[in-house]
Protein chains: 2
Amino acid sequence: MTAKLTILGSGSALPTRDNFPSAQLLDMREKQFLIDCGEGTQIRLRQMGLKLNRLGHIFISHLHGDHCFGLIGLISSLGMLNRTADLHIHGPIGIQELFAPQLKFFCDELPFKVFFEEFDARHSVIIYEDRSLSVTTLPLRHRMPCAGFLFREKEGLRHLLRESVDFHKVPVSQFNLIRQGADYVNPEGEVISNNLLTSPPNPVVSYAYCSDTAYHEALIPLIKGIDLLYHEATFADAELIRARQTLHSTARQAARIASKAGVGRLLIGHFSARYSNKDILLKEAQEEFIQTELAVDMQTFAIESVVKSI
Amino acid sequence: MTAKLTILGSGSALPTRDNFPSAQLLDMREKQFLIDCGEGTQIRLRQMGLKLNRLGHIFISHLHGDHCFGLIGLISSLGMLNRTADLHIHGPIGIQELFAPQLKFFCDELPFKVFFEEFDARHSVIIYEDRSLSVTTLPLRHRMPCAGFLFREKEGLRHLLRESVDFHKVPVSQFNLIRQGADYVNPEGEVISNNLLTSPPNPVVSYAYCSDTAYHEALIPLIKGIDLLYHEATFADAELIRARQTLHSTARQAARIASKAGVGRLLIGHFSARYSNKDILLKEAQEEFIQTELAVDMQTFAIESVVKSI
């Protein structure tokens, strides 16, 4: 399955007709990851008919309401839908103290366990890892501790060349080893080189979510050459001073980060409610980095491996 | 201005494509009152382009999430919109303890004050009163302390008959007294009867919100003859057992309450997510009480005085 990103909310603090606050659903390697959970996240999921059967981990960037007010409602509804698998909520230090009391009161009899896993947003650390991917925090520059998240697939298994495997009479018991790259030694002692038996694994992809943040060049080495970057672009050039004051980015600044990091594609979001038409944001970003697209609520974007420009 | 009710959410615990969780905006006597505040209330308000300039009081029926998860987001956004007037949140005992910590963390620098005003949901008491209307709690029967709310307009001032007032040369200083019902005594000592100078005040209207509740006949005397009743109707007849178990009502039960109380009109809502088509609920309710309508998200209903049937 190709990795894909569904935008549940691409607005900022004040919701608009078109934009819910921040939330995204990432599908990667047969798993789902929810990134931020603004108010209405569960509503968007239900409007789109999306289920969360493969969700085990939620990542909260920071403790501003537009990034986490939907958490309690979502968890409560998952309980009513009889989810049983553990749910892990990764967030900055303090998230447990804030949400645990409401969780205890409103979701007293959940059929699953909730674990808060706190991180120190000042450092870039791996906060999730399994056989197929890892998640690393990206320290951002905002009015409170705030981290982005880098999702990086690991190289998968090689693909068996069925005809060659049959020709060489490779027993099924050897398939996994061979997919991991081993050569095959047949009963006659003959070595069949792995590259005769397999083709390369699928290309791996990487995705980084960076919201909320001021223009922050320290990000660049951490996201160098990734396939897709979501970067906040709260304001247009005309509001540069306001962007600086509030530690947000302009669309042009987001694109400059994307350009300097040589990412494959840039998706901008976290739009201020003042932009009912976002053309100006797209235009200003594309002047710096042509491979920019606007995030759109309830739209899904494929994450594809690209030839790296750096 | 005619009193009117805008449905922001008419769903129950699980949101659907059409229905947000419970929330309503009541316009009565130039004031706004928010009744319940499920997740997404502020989103619905913004989708409809509604402003809350005349909102001073929010009423929360009970502490299930689908009736209050939108509170913190709404308050937070009102802060960003630079509201300055006090905001009073009326809710059952415990609401302050649950929400005050989040309010302190997320809304630290609000430009207005928030007051929690708790009531004991077991008793019917007046919890708000001003010159033009009163709000009384209605004890309901649910899985936790839960109250409905009865909004009752007070009789307004009589209307001056401008031609008559001019003819009798009534000085402006007397207008308020006369609108309150006083006769006018002219400088010659002649008494001009009030009914020659005024016409009756606008008819008063009354509205009751009853959600969530099992079938509860104790309600009937409290809402006798009111103009509009909103009563929860979570289930159809086929789910009567489930309604009993969860202390909710069927549409037929809601209509039976309306009929026995002789209300003017009934609006049913708080629909279970299983009813994407609500015709069955309307049909079953209308078999008991013909003046039944379905609540619809983002629709506004006028509250008009009706000839009382009892």
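Parameters at a glance
- Residues numbered from 1 in each chain as written.
- Chains lettered and ligands numbered in written order.
- Predicted model: local features only at pLDDT ≥ 70, side-chain atom pairs only at ≥ 80, totals over all residues.
- Helix = DSSP H or I, 4+ residues; strand = E, 2+ residues; numbered from the N terminus.
- Rg over C-alpha atoms; globule rule 2.2 N^0.38 Å.
- Buried ≥ 20, exposed ≤ 12 C-beta atoms within 10 Å, placed from the backbone.
- Contact = placed C-beta atoms within 7 Å.
- Least-squares fit on C-alpha atoms with pLDDT ≥ 70 in both.
- Axes fitted to C-alpha atoms, helices over the stretch in contact; angles between N-to-C directions.
- Left-handed = near helix turned anticlockwise from the far one by under 90°.
- Nonpolar A, V, L, I, M, F, W, Y, C, P; charged D, E, K, R; others polar.
- Pairing = 2+ DSSP bridges.
- Right-handed = clockwise from strand over helix to strand, strands pointing away.
- pLDDT = per-residue confidence, 0-100.
- Domains from an automatic or database assignment.
- Parallel < 35°, antiparallel > 145°, perpendicular 65-115°, else oblique.

1. Comments concerning the overall build of chain A
Point 1. Helix and strand content of chain A: 9 helices and 18 strands.
Point 2. Relative to a compact globule of 310 residues, whose C-alpha radius of gyration would be 19 Å, chain A shows 22 Å and is just as compact.
Point 3. For chain A, the spread of C-alpha atoms along the principal axes amounts to about 75 × 50 × 35 Å.
Point 4. Buried residues in chain A amount to 46% of all 310 residues.
Point 5. In chain A, once contacts between residues fewer than 6 apart in sequence are set aside, the share between residues at least 24 apart is 64%.

2. What to know about the relation of the copies chain B and chain A
Point 1. For the pair chain B and chain A, the relating rotation is 180°, the translation along its axis is 0.0 Å, and the fit reaches an RMSD of 0.0 Å. Each copy turns onto its partner about a two-fold axis. Of the C-alpha atoms belonging to chain B, the one lying closest to the rotation axis is found on G40(B), 2.7 Å away.
Point 2. Take the interface residues of chain B: 100% of them recur as interface residues in chain A, which is what a same-surface contact looks like.

3. Notes on the environment of D212(B)
Residues and elements named next belong to chain B.
Point 1. Topologically, D212 is positioned in the loop between strand 14 (206-210) and strand 15 (228-232).
Point 2. The exposure class of D212 is buried, given the 27 C-beta atoms found within 10 Å.
Point 3. Note: C-alpha distance between D212 and T41 (171 residues apart in sequence) is 18 Å.
Point 4. In contact with D212, not counting residues within four places along its chain, are H62, L140, H142, C146, E232, H248 and H270.

4. A word on the packing of helix 8 (residues 251-261) of chain B against helix 9 (residues 279-286) of chain B
All names here are of chain B.
Point 1. Two numbers describe how helix 8 lies on helix 9: the axes approach to 7 Å, and their chain directions differ by 35°. Handedness of the helix 8/helix 9 crossing: right-handed. Contacts between helix 8 and helix 9 pair A251, R252, A254 and A255 from the former with L281, E284 and A285 from the latter.
Point 2. Of the residues that constitute the contact of helix 8 with helix 9, the class distribution is 5 nonpolar, no polar and 2 charged.

5. A short note on the interface of chain B and chain A
Point 1. Counting residues at the interface gives 25 residues for chain B and 25 residues for chain A.
Point 2. Its residues assigned to classes, the side of chain B that touches chain A shows 12 nonpolar, 10 polar and 3 charged.

6. Section: the pairing of strand 5 (residues 87-92) of chain A
Residue and element names in this part refer to chain A.
Point 1. For strand 5, the buried fraction is high: 5 of the 6 residues fall into the buried class.
Point 2. Where strand 4 (residues 55-59) and strand 5 come together, 3 bridges link them in parallel fashion. Opposite F59, over in strand 5, you have H90 as the bridge partner.
Point 3. Each parallel crossover has a hand, and the one from strand 4 via helix 2 (residues 71-80) to strand 5 is right-handed.
Point 4. Alignment of strand 5 against strand 6 (residues 114-119), held across 6 bridges, turns out to be parallel.

7. Observations concerning helix 2 (residues 71-80) of chain B
Residues and elements named next belong to chain B.
Point 1. In terms of residue burial, helix 2 counts as a mostly covered element, since 9 of its 10 residues are buried.
Point 2. Regarding helix 2, the residues found buried are L71, I72, G73, L74, I75, S76, S77, L78 and G79.
Point 3. In this fold, the buried residues of helix 2 make contact with strand 3 (31-37), helix 1 (41-47), helix 3 (95-106) and strand 6 (114-119).
Point 4. Two residues or fewer past helix 2, N82 is found with a positive phi of approximately 65°.

8. What to know about the sheet that holds strand 15 (residues 228-232) of chain A
All names here are of chain A.
Point 1. The strand order across the open sheet formed by 7 strands is 7-8-9-14-15-16-17, and the pairing between neighbours is mixed. Edge positions in the open sheet fall to strand 7 (126-129) and strand 17 (292-294), since each of these has one partner strand only. Put simply, the sheet's adjacent strands are angled 20° from each other on average, direction ignored.
Point 2. Relative to strand 9 (residues 147-153), strand 8 (residues 133-139) is paired through 7 bridges, and the arrangement is antiparallel. Across the sheet, T137 pairs through a bridge with F149, a residue of strand 9.
Point 3. Sitting on the sheet, helix 9 (residues 279-288) touches strand 16 (265-269) and strand 17, and the angle it makes with strand 17 is about 170°.

9. A look at the confidence of the model for chain A
Point 1. Looking at chain A as a whole, the pLDDT averages 96, with 98% of positions reaching at least 70.
Point 2. Predicted complex, confidence summary: ipTM 0.91, pTM 0.93.

10. What about the domain arrangement of chain A?
Point 1. Entries for chain A in the domain assignment read domain 1 (3-156 + 203-303) and domain 2 (159-199).
Point 2. Relative placement of domain 1 of chain A and domain 2 of chain A: their C-alpha centres are 42 Å apart.

11. Considering the sheet that holds strand 4 (residues 55-59) of chain B
All names here are of chain B.
Point 1. The strand order across the open sheet built from 7 strands is 6-5-4-3-2-1-18, with neighbouring strands paired in mixed fashion. Each edge of the sheet is formed by a strand with only one pairing partner; in this case those strands are strand 6 and strand 18 (300-303). Taking each pair of neighbouring strands and ignoring which way they run, the sheet shows an average axis angle of 20°.
Point 2. Across 6 bridges, strand 2 (residues 23-28) lies against strand 3 in antiparallel orientation. Counterpart to A23 in the pairing with strand 3 is C37.

12. Regarding the pairing of strand 4 of chain B
Residues and elements named next belong to chain B.
Point 1. The buried count for strand 4 comes to 4 of 5 residues, which makes it a mostly enclosed element.
Point 2. As judged from the 4 bridges shared by strand 3 and strand 4, these two strands associate in the parallel manner. Residue pairing in the sheet places Q32 in a bridge with L55 of strand 4.
Point 3. Remark: the strand 3/helix 1/strand 4 crossover connection has right-handed handedness.

13. Considering helix 8 of chain B
Since there are 3.6 residues in each turn of an α-helix, residues three or four apart along the chain are aligned in direction.
Residues and elements named next belong to chain B.
Point 1. Among the 11 residues in helix 8, 9 count as buried, and that is most of the element.
Point 2. For helix 8, the complete set of buried residues consists of A251, R252, Q253, A254, A255, R256, I257, A258 and A261.
Point 3. Where helix 8 terminates, the next one or two residues include G262, which has phi positive at roughly 60°.

14. Considerations on the packing of helix 3 (residues 95-106) of chain A against helix 3 of chain B
Point 1. Running from N to C, helix 3 of chain A and helix 3 of chain B cross one another at 155°; their axes reach a closest spacing of 10 Å. The orientation of helix 3 of chain A relative to helix 3 of chain B falls into the category roughly antiparallel. The interaxial crossing formed by helix 3 of chain A with helix 3 of chain B has left-handed handedness. Counting all contacts with helix 3 of chain A, which are made through L98(A), P101(A), Q102(A) and F105(A), the residues of helix 3 of chain B involved are L98(B), P101(B), Q102(B) and F105(B).

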